[in-house]
Amino acid sequence: MKNVRKAAWAALGGGMLLVTGCAAYSGVVAARWRAWERGVARNPDGVRAGCEPFDLGTGRTAVLFVHGFADNPSVWRPMAEAFAARGFHCRAMRLPGFGGTMAERRAVDAEGWTRALADEAAGLRRTHDEVWTVTHSLGAAVAIRHVLQGGDDLAGLVLLAPLVDVSDKRSPLLGARTWFRVLGRFVPLAEQPFPEDILKDAGPGRPELERFIPVNVYHALFRVLDDNAGRAGDLRLPVYGAVSPRDNIADPAAAEAWLRAATGAPRLRVVHANDSAHMIPLDFDAGWIAEDAIRFIRDGG
């Protein structure tokens, strides 16, 4: 009985320590966010400068570019320029919550991301012969979710470093999902502790990644991943995938296995971005992957 009481007191003490530590962390992060926000320039819509959607080029085929987690449309500028030069109309959209205000971030859910992509695709489809989507990381997962939920307005998917599961390379003690399950109950706002996962210098003018992420955004992320899990075989449109073995964000083995399982796709091509990390659209392989994806699109859907 004495040992049971000791164990109970130890568990209670550990729980109180966890709650106290999380409360202290939350206070520090909230203060850091307020200080960071004071130096941020935003447009009248509340979008951080440099994170706005953009359009480039003209053509009967539209390409919808969708960025990844904590990112913004600027990641697509070099690739969009390459596609526009080859006769495509390029639209780089902004996923709700990223680049926007904290109020917008706190309203994010998986449905909102998917609906935003669907609205952009529908608008392009009304004015173009066909619409492809070129996506990165979370953007790839959202595009997949859209198609699996019955979206039939896309001619094909180009998926760069698709987020099928989160890599544990930066979570050596506990897996990323475990950290989320434990701390997500007590920490309403988290600060991104890691730099952009890229091997090449991204160049001047690139807005920094979103640093302060409310817990609901992580809920939305894992909801999208869980909805897509095991359903690659349900895709019935052409799929081009690029995976980086050096990726520290999206699990590359999980991504490749998922892509290889897309056996229902009428055309499937999977390539390796061996000289890049997670940020394939800006890294060393971006040039040849853009050209390879353009050839894949023009081969016919």
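See above for the structure.
For clarity, every value in this text was computed on a predicted model and none was experimentally measured. (Residues numbered from 1 in each chain as written. Predicted model: local features only at pLDDT ≥ 70, side-chain atom pairs only at ≥ 80, totals over all residues. Heavy atoms only, no water.)

All right, on to the overall build of the protein chain then. The helix and strand inventory of the protein chain stands at nine helices and nine strands. The C-alpha atoms of the protein chain give 20 Å as radius of gyration, which agrees with the globular expectation for 301 residues (19 Å, within 12%). For the protein chain, the spread of C-alpha atoms along the principal axes amounts to about 75 × 45 × 35 Å. Counting across all 301 residues of the protein chain, residues that qualify as buried make up 50%. For the protein chain, long-range pairs separated by at least 24 residues make up 79% of all intrachain contacts whose partners lie at least 6 apart in sequence. Just so you have it, the protein chain exposes about 13600 Å², and 56% of that area is on carbon and sulfur atoms. Taking the average location of the 36 positive side-chain charges in the protein chain and that of its 35 negative ones, the two points are 7 Å from each other. (Helix = DSSP H or I, 4+ residues; strand = E, 2+ residues; numbered from the N terminus. Rg over C-alpha atoms; globule rule 2.2 N^0.38 Å. Buried < 20%, exposed > 50% of the residue type's maximum accessible area, 1.4 Å probe, protein only. Contact = heavy atoms within 4.5 Å. Areas by Shrake-Rupley, 256 points an atom, 1.4 Å probe, with all protein chains shown as cover. Lys, Arg positive; Asp, Glu negative; His and termini not counted. Charge placed at Lys NZ, Arg CZ, Asp CG, Glu CD.)

In this structure, the largest pocket spans a volume of roughly 1200 Å³. Residue lining of the largest pocket: 45 residues in total, with Glu-191, Gln-192, Pro-193, Phe-194 and Tyr-218 positioned closest to the centre. Within the residue set of the lining of the largest pocket, elements represented by two or more residues are helix 1 (2-37), helix 6 (176-183), strand 6 (189-191), strand 7 (212-214) and helix 7 (215-228). Counted by class, the lining of the largest pocket contains 27 nonpolar, ten polar and eight charged residues. In this model, the second largest pocket occupies a volume close to 190 Å³. Within the lining of the second largest pocket, the residues separate by chemical class into seven nonpolar, three polar and three charged. (1 Å grid on protein atoms, 1.4 Å probe; cavity = no way out; pocket = protein on both sides within 12 Å on 5 of 7 lines; lining within 4 Å. Points joined across faces, edges and corners; volume = space filled by probe spheres on them. Nonpolar A, V, L, I, M, F, W, Y, C, P; charged D, E, K, R; others polar.)

The next subject is the packing of aromatic side chains. Using the criterion set out here, one finds nine aromatic pairs in the structure. Across from the ring centre of Phe-54, 3.8 Å away, lies the NZ or CZ of Arg-77, which sits over that ring. The ring of Phe-296 carries Arg-267 above its face, with NZ or CZ at 4.1 Å from the centroid. (Phe/Tyr/Trp six-rings, centres within 6.5 Å; stacked < 30°, edge-to-face > 60°. Lys NZ or Arg CZ within 6 Å of the ring centre and 35° of its normal.)

Two elements in contact, helix 2 (residues 77-85) and helix 9 (residues 286-298), have axes separated by 10 Å at closest approach and are oriented at 40 degrees. Overall, the two elements helix 2 and helix 9 adopt an arrangement that is oblique. In the packing of helix 2 onto helix 9, the handedness of the crossing is right-handed. Touching Met-79, Ala-82 and Phe-83 of helix 2 are Ala-286, Ile-289, Ala-290, Ala-293, Ile-294 and Ile-297, all from helix 9. Taken together, the residues of the contact of helix 2 with helix 9 break down into nine nonpolar, no polar and no charged. (Axes fitted to C-alpha atoms, helices over the stretch in contact; angles between N-to-C directions. Parallel < 35°, antiparallel > 145°, perpendicular 65-115°, else oblique. Left-handed = near helix turned anticlockwise from the far one by under 90°.)

This next bit is on the sheet that holds strand 2 (residues 61-66). Taken in spatial order, the seven strands of this open sheet run 1-3-2-4-5-8-9, and their pairing is mixed. Both outer strands of the open sheet, strand 1 (54-56) and strand 9 (268-272), are each paired with one neighbouring strand and no more. Taking the axes of each pair of neighbouring strands and ignoring which way they run, one obtains an average angle of 15 degrees across the sheet. Together, strand 4 (130-136), strand 5 (156-160), strand 8 (239-243) and strand 9 form the strand contacts of helix 9, whose direction differs from that of strand 8 by roughly 165 degrees. (Pairing = 2+ DSSP bridges.)

Here helix 4 (residues 110-127) spans 27 Å end to end across 18 residues, near enough to the 26 Å set by a 1.5 Å rise per residue. Within the sequence span of helix 4, burial applies to Ala-110, Gly-112, Trp-113, Thr-114, Ala-116, Leu-117, Ala-118, Ala-121 and Leu-124. Buried residues along helix 4 sit in contact with strand 2, strand 3 (89-93), strand 4, helix 5 (138-148) and helix 7. (Expected span 1.5 Å × (residues − 1).)

Further remarks concern unusual backbone geometry. Phi angles above zero are rare outside glycine, and Ala-70 is one such case at about 65 degrees. Topologically, Ala-70 is positioned in the loop between strand 2 and helix 2. Despite not being glycine, Ala-161 has its phi angle at roughly 45 degrees, a positive value. Topologically, Ala-161 is positioned in the loop between strand 5 and helix 6.

The next thing to look at is the pairing of strand 8. For strand 8, the tally of buried residues reaches five of five residues, placing the bulk of the element in the interior. Neither face of strand 8 is open: one carries Val-239, Gly-241 and Val-243, the other Tyr-240 and Ala-242, and all of them are buried. Judged from the four bridges that link them, strand 5 and strand 8 form a sheet pairing that is parallel. Bridged to Leu-159 within strand 8 is Gly-241. Where strand 8 lies against strand 9, five bridges are found, and the strand directions are parallel.

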